[in-house]
Amino acid sequence: MTDENIKSVVKETVNELLGNSMIKYSELIIYEQIGERLREYYKEPDKDPDIAKALSQIKDHHYYNVLEMYYKDNRTLESIADKCYVDISTIVRNKKALCIKIFNLIN
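Below you will find a few notes about this structure. (Residues numbered from 1 in each chain as written. Predicted model: local features only at pLDDT ≥ 70, side-chain atom pairs only at ≥ 80, totals over all residues. Heavy atoms only, no water.)

1. Quick look at the overall build of the chain
Part 1 of the reasoning: Secondary structure summary: the chain contains 6 helices and 0 strands in total.
Part 2 of the reasoning: The order of α-helices and β-strands along the chain, N terminus first, is α-α-α-α-α-α.
Part 3 of the reasoning: Of all 107 residues assigned to the chain, the portion counted as buried reaches 27%.
Part 4 of the reasoning: Counting only contacts in the chain whose residues sit at least 6 apart along the sequence, the fraction spanning at least 24 positions is 59%.
Part 5 of the reasoning: Of the roughly 7,500 Å² that the chain leaves accessible, carbon and sulfur atoms contribute 50%.
Part 6 of the reasoning: Distance between charge centres in the chain, computed from 16 positive and 18 negative side chains, equals 4 Å. (Helix = DSSP H or I, 4+ residues; strand = E, 2+ residues; numbered from the N terminus. Buried < 20%, exposed > 50% of the residue type's maximum accessible area, 1.4 Å probe, protein only. Contact = heavy atoms within 4.5 Å. Areas by Shrake-Rupley, 256 points an atom, 1.4 Å probe, with all protein chains shown as cover. Lys, Arg positive; Asp, Glu negative; His and termini not counted. Charge placed at Lys NZ, Arg CZ, Asp CG, Glu CD.)

Now the structure itself:
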């Protein structure tokens, strides 16, 4: 059995377990996964149409620009908080919420 076959079987199994509510993604895993996809998306936007579509659906969110500042412009949380005149915890909370929203829109 090749690595690709194993990955395919594991993916099917996980998807079936998720579909039957036997397991669920943790928010931390979702946050990290979407964060990596956003980082890659901002490097090469044409490679991930799912992310592009999800971003277009949340573009009216008050903290949408936080994603661009963090993942595209590589700004620190502190500099984003200063620019938005809010506490760092507000930026972290909204960035995480947007990543989870993107995940839910994609899946």
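Next comes the rest of the write-up.
2. Looking at the layout of surface pockets
Part 1 of the reasoning: Quantified by volume, the largest pocket comes out at close to 200 Å³.
Part 2 of the reasoning: In terms of lining residues, the largest pocket is bounded by Lys11, Val14, Asn15, Tyr25, Ile29, Gln33, Ile34, Arg37, Phe103, Ile106 and Asn107.
Part 3 of the reasoning: Those elements that place two or more of their residues in the lining of the largest pocket are α1 (3–19), α2 (27–43) and α6 (88–106).
Part 4 of the reasoning: Looking at which element gives the most residues to the lining of the largest pocket, the answer is α2, with 4 residues.
Part 5 of the reasoning: Of the residues contributing to the lining of the largest pocket, the split by class is 6 nonpolar, 3 polar and 2 charged. (1 Å grid on protein atoms, 1.4 Å probe; cavity = no way out; pocket = protein on both sides within 12 Å on 5 of 7 lines; lining within 4 Å. Points joined across faces, edges and corners; volume = space filled by probe spheres on them. Nonpolar A, V, L, I, M, F, W, Y, C, P; charged D, E, K, R; others polar.)

3. Looking at helix α3 (residues 49–58)
Part 1 of the reasoning: For α3, every residue scored as buried is listed here: Ile51, Ala54, Leu55 and Ile58. Along α3, the residues classed as buried sweep out an arc of 100 degrees about the axis, all on the same side. Looking at α3, the residues exposed on the side facing more than 90 degrees away from the buried face are Pro49 and Lys53.
Part 2 of the reasoning: Taken together, the buried residues of α3 touch α2, α4 (64–72) and α6. (Arc of directions from axis to C-beta.)

4. Focus: a nonpolar patch on the surface
Part 1 of the reasoning: Together, Met1, Ile6, Val9 and Val10 make up an exposed nonpolar region whose accessible area comes to about 400 Å².
Part 2 of the reasoning: Relative to the assigned elements, Val10 resides in helix α1.
Part 3 of the reasoning: Judged by relative accessible area, which is 46%, Val10 ranks as partly exposed. (Patch = residues over 30% accessible without salt bridge, like charges linked within 9 Å, V, L, I, M, F, W, Y side chains within 5 Å. Salt bridge = Lys/Arg side-chain N within 4 Å of Asp/Glu carboxyl O.)

5. Brief notes about the packing of α3 against α6
Part 1 of the reasoning: Contact geometry for α3 and α6: axes closest at 9 Å, N-to-C directions at 120 degrees. For the element pair α3 / α6, the angle class is oblique. Our pair here, α3 against α6, has a crossing hand that is right-handed. Contacts between α3 and α6 involve Asp50, Ile51, Ala54, Leu55, Gln57 and Ile58 on the former and, on the latter, Leu98, Lys101, Ile102, Leu105 and Ile106.
Part 2 of the reasoning: Across the contact of α3 with α6, the residue classes break down as 8 nonpolar, 1 polar and 2 charged. (Axes fitted to C-alpha atoms, helices over the stretch in contact; angles between N-to-C directions. Parallel < 35°, antiparallel > 145°, perpendicular 65-115°, else oblique. Left-handed = near helix turned anticlockwise from the far one by under 90°.)

In short, shape yes, function no, at least from these values alone.
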